[in-house]
Amino acid sequence: FGIHALLVVTVTLSAVTATARSENDVTGEDVYPPLWDLAPENLLDFPVKDNKIVISAWNYQDRLGVYKSLLNASAKYFGAFGPQNSGNILWGLPLQHGWQFRTGRLADHSGGTSCGYENGELLCQSVRSWWSCMNYYLAIIPFLGAVEAGLFGQLPYEIEILPPEEQKDVFCYSVKDCRSRMPKLMDDWKAFFEYLLSTEHKSVSSASFSSFKLDDALGLLWKAHVTSIAYALPKFQDRLKYLSEPEANFGEDWANGVDFIAATHLSTDLPTTNNFQVFLPQRMLVEGDILPSISDFSPDQNQVLVSLRALHKANKLTGGLLLKLWRKAMSTEAGRKMGRKLLESLTSS
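As the structure is a prediction and not an experimental result, all values here were calculated from the model. (Residues numbered from 1 in each chain as written. Predicted model: local features only at pLDDT ≥ 70, side-chain atom pairs only at ≥ 80, totals over all residues. Heavy atoms only, no water.)

### Quick notes on the nonpolar core
Among the nonpolar cores identified, the biggest contains 90 residues, and Phe-143, Ile-161, Phe-171 and Phe-193 are the most heavily contacted of them. Two domains share this core, each providing at least three of its residues, namely domain 1 (33-200 + 210-242) and domain 2 (244-348). (Core = buried A, V, L, I, M, F, W, Y, C linked by side-chain atoms within 4.5 Å. Buried < 20%, exposed > 50% of the residue type's maximum accessible area, 1.4 Å probe, protein only. Domains from an automatic or database assignment.)

Right under this line is the structure:
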C-alpha cells in the first residue's frame, strides 16, 4: 500500500506542475506582486503614532509592506543564492499574496461591503475573505516572529497591528499578544529567523554565509508555514460559506497540497515560486465551473485542479496516512532531492 500511495502522490504532483512547464513565461512586472513598487520599503516608512509603528493589516499595500520589510531586512543572508535578493526564500509569501489580490480572492465575498472591489475600496482586504484571513497567519505572524527574533535589530518604536472592523478576537496584534495567545506559531517562525541570525557572525563575507545550509533554512520555513495553515484552517471554516462550492473546495485542496510540497523543502525563491504559480487559477472559481472542463482554463490548469482534488480526497480517505508516507519518503536529504527533482524537472523544460 505504501508504494502505491507514494505513486499516487508522485503522479498527482507531476500533474500539478505540468502547466508550469508549458506556461513558464514570467516576464517584466509579472515577476513581482501587484503594486510592489508602491509598498513601504521598511518599518520606518509606516506611520508612527503614540510611539508605535502602526500597520493596517487589512490594507493590501500595508500587508505587502510587511513582506517587503522582511525581504529587505533578510537580504544579506541570501546574497549567495541569486542576484538582487532573488534567491531569498521568503519570496514565496508575497508572491502568493499578490496572486490572491490579482485574482480578487481578498475581497468581501459575502456581498456586505465594497471591500476589495475596483469600484469600491480596491486595496481593502476583507475579514470575510477566507484567503485574506488565512494569509494573516502567513504575513503578520511571520513578521512578528521576525521582530521577536531581532531581525530588525533594536526598533525605536513598538509595533501595533490595527484590528479588522469585526471578529477581532481571532487575530493577534503585537509581539506580546501573539506570544501569549499562539506561542507554538511564534516559536516556529522565530526559530526560522533565529537560524538566519545565527549565521551572521560565523562568516567572513556577508555575501556568502559559510554556515548557511539552504535545506535547513527551508525546513524551518516550511515547518512554520504548514503550522500556520494548520492553525488557521479550523478558525476560518465559516468564511468558506461566502465562496462558491468549487472555490471553497479549491481553497481546501490547495492547503492540503501545500503539505505535500512542503515536505520536499522546495525552494520558495523568486524564480522558482513564479514558475510554480503560473498553474494557479487566474480567477476565482464560480458555480458552474465543472472539472476538468472549465472553458477559459487551459487543459493543464483544469488538470491541476483535478489533481489537487484527488490528492486531498486520497489523503482524507486514508486518514492522513498518504501525507505521513510521503513525509517519511521525504525525511532524508536524498529523498527530498528526488521529490524536488520531480517537481523542478517539470518546470524547467
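### Regarding the confidence of the model for the protein chain
Mean pLDDT over the protein chain stands at 89; residues scoring 70 or higher make up 87%. Here residues 18-27 is modelled with pLDDT under 50, and outside its nearest four sequence neighbours on either side it reaches 25 contacts, counting other chains as well. (pLDDT = per-residue confidence, 0-100. Contact = heavy atoms within 4.5 Å.)

### Here we look at the packing of aromatic side chains
Tallying each qualifying case throughout the model produces 19 aromatic pairs. Here the aromatic rings of Trp-36 and Trp-91 are separated by 5.1 Å at their centres, their planes lie at 45 degrees, and the arrangement is tilted. You can see Trp-36 sitting in the loop between helix H1 (2-22) and strand E1 (48-49) and its partner Trp-91 sitting in the loop between helix H2 (60-74) and helix H3 (92-102), a full 55 residues away along the chain. On the accessibility criterion, Trp-36 (9% relative accessible area) is buried. Look at Trp-131 and Phe-250: their rings are 5.7 Å apart centre to centre, the planes differ by 40 degrees, and that puts the pair in the tilted class. Residue Trp-131 is found in helix H4 (residues 130-136), and its partner Phe-250 is found in helix H9 (residues 245-262); the two are separated by 119 residues along the sequence. A relative accessible area of 3% places Trp-131 in the buried class. Judged by its relative accessible area of 3%, Phe-250 falls in the buried class. (Phe/Tyr/Trp six-rings, centres within 6.5 Å; stacked < 30°, edge-to-face > 60°. Helix = DSSP H or I, 4+ residues; strand = E, 2+ residues; numbered from the N terminus.)

### Considering the state of the cysteines
Inspection of every chain in the model, using the stated rule, returns two disulfides. Bridging Cys-115 to Cys-124, the disulfide has an S-S length of 1.9 Å. Between Cys-115 and Cys-124 the disulfide shows an S-S torsion of about -90 degrees. By sign, it is left-handed. The burial state of Cys-115 is the same as that of Cys-124; both residues are buried. Each disulfide pairs two cysteine sulfurs, and for Cys-172 the partner residue is Cys-178, the sulfurs being separated by 1.9 Å. Taking the sign of the torsion about the S-S bond as the criterion, the disulfide between Cys-172 and Cys-178, at about 95 degrees, is right-handed. A relative accessible area of 1% places Cys-172 in the buried class. According to the relative accessible area criterion, Cys-178 is buried, its value standing at 0%. (Disulfide = S-S within 2.5 Å.)

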